[in-house]
Amino acid sequence: MDAPKPLGYWLQHLHSLLETHFPLVLSDLGTNRREWQLLNTLAHGSRTRDDLQQALAPFWTADQPSLQQVVATLADRGWVDESEGTVTLTPAGAAVHADLAARVERARAVVLKDLTPDQYRETIRVLATMAGNVEAAVASYATATGVAA
């Protein structure tokens, strides 16, 4: 009998599956996950580039288009407008966001199928606790050794 796979396996596996599934959900609209994240952030109100950078940093890696590139792409499509240092969703962008939001909600429903709301909340609580434990350990190690993480 196979031994159960460890936490790291499931975290990486799920991340990989989400990175595969999400583009399929958006592809026929010619948009991608980073563009969705930017549109969704702006759907809650206009933001400066610095605010956007901070809000989206946890989701973007160095191998992806920069925030500046994504803003420029969306501006070229007429979905966002940037003036006086503030990026705003246009009416066309709001319409696209509404379509994308419905698709994203269906994709989330796939992920959460067969889970109760309580199970989801508990999963998030457990993962947040684990992350906090590791953050504290990294900070403690960095303080004790002088080696930055």
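All of these numbers come straight from a predicted model, not from anything done at the bench.

A. Main features of the overall build of the protein chain. On a plain count of helices and strands, the protein chain comes out with six helices and three strands. Listing the helices and strands of the protein chain from first to last along the sequence gives α-α-β-α-α-β-β-α-α. A principal-axis box enclosing the C-alpha atoms of the protein chain has dimensions of 50 × 45 × 30 Å. Contacts in the protein chain between residues at least 24 apart in sequence constitute 54% of all its contacts with a sequence separation of at least 6.

B. Representation of the pairing of strand β3 (residues 86-89) in the model. Burial along β3 is one-sided: V87 and L89 are buried, and none of T86 and T88, which face the opposite way, are. Pairing geometry for strand β1 (residues 47-48) and β3, over two bridges, is antiparallel. Considered in β3, the bridge of T48 is made with T86. One ladder, built from four bridges, connects strand β2 (residues 80-83) with β3; its direction is antiparallel. By the bridge assignment, E82 is partnered in β3 with V87.

C. Here's a closer look at the packing of helix α2 (residues 33-42) against helix α3 (residues 49-56). One can describe the packing of α2 onto α3 by two numbers: an axis separation of 11 Å at closest approach and a directional angle of 120 degrees. As summarised for this structure, α2 and α3 are arranged oblique, according to the angle between their axes. The way α2 lies across α3 gives a crossing that is right-handed. Each of Q37, L38, T41 and L42 in α2 lies in contact with α3, whose residues at this interface are L52, A55 and L56.

D. A look at helix α4 (residues 67-76). For α4, the set of buried residues is L67, V70, V71 and L74. Along the axis of α4, the buried positions cluster into a sector of 100 degrees, meaning they face one direction only. Looking at α4, the residues exposed on the side facing more than 90 degrees away from the buried face are Q68 and D76. On the buried face of α4, the contacting elements are α2, α3, β2 and β3. G78 occupies a position one or two residues after α4 and carries a positive phi of about 80 degrees.

E. Quick look at the side chain of T31. Among the secondary structure elements, T31 is positioned in the loop between α1 (7-26) and α2. Within the structure, the side chain of T31 is placed 2.6 Å from the side chain of E35, a separation counted as a polar contact.

F. The environment of R106, seen in detail. Topologically, R106 is positioned in helix α5 (residues 91-112). In sequence terms R106 and L11 are 95 residues apart; their C-alpha atoms lie 21 Å from each other.

Analysis parameters
Residues numbered from 1 in each chain as written. Predicted model: local features only at pLDDT ≥ 70, side-chain atom pairs only at ≥ 80, totals over all residues. Heavy atoms only, no water. Helix = DSSP H or I, 4+ residues; strand = E, 2+ residues; numbered from the N terminus. Contact = heavy atoms within 4.5 Å. Buried < 20%, exposed > 50% of the residue type's maximum accessible area, 1.4 Å probe, protein only. Pairing = 2+ DSSP bridges. Axes fitted to C-alpha atoms, helices over the stretch in contact; angles between N-to-C directions. Parallel < 35°, antiparallel > 145°, perpendicular 65-115°, else oblique. Left-handed = near helix turned anticlockwise from the far one by under 90°. Arc of directions from axis to C-beta. Polar contact = N/O pair within 3.5 Å; in protein donor to acceptor, adjacent residues only side chain to side chain.

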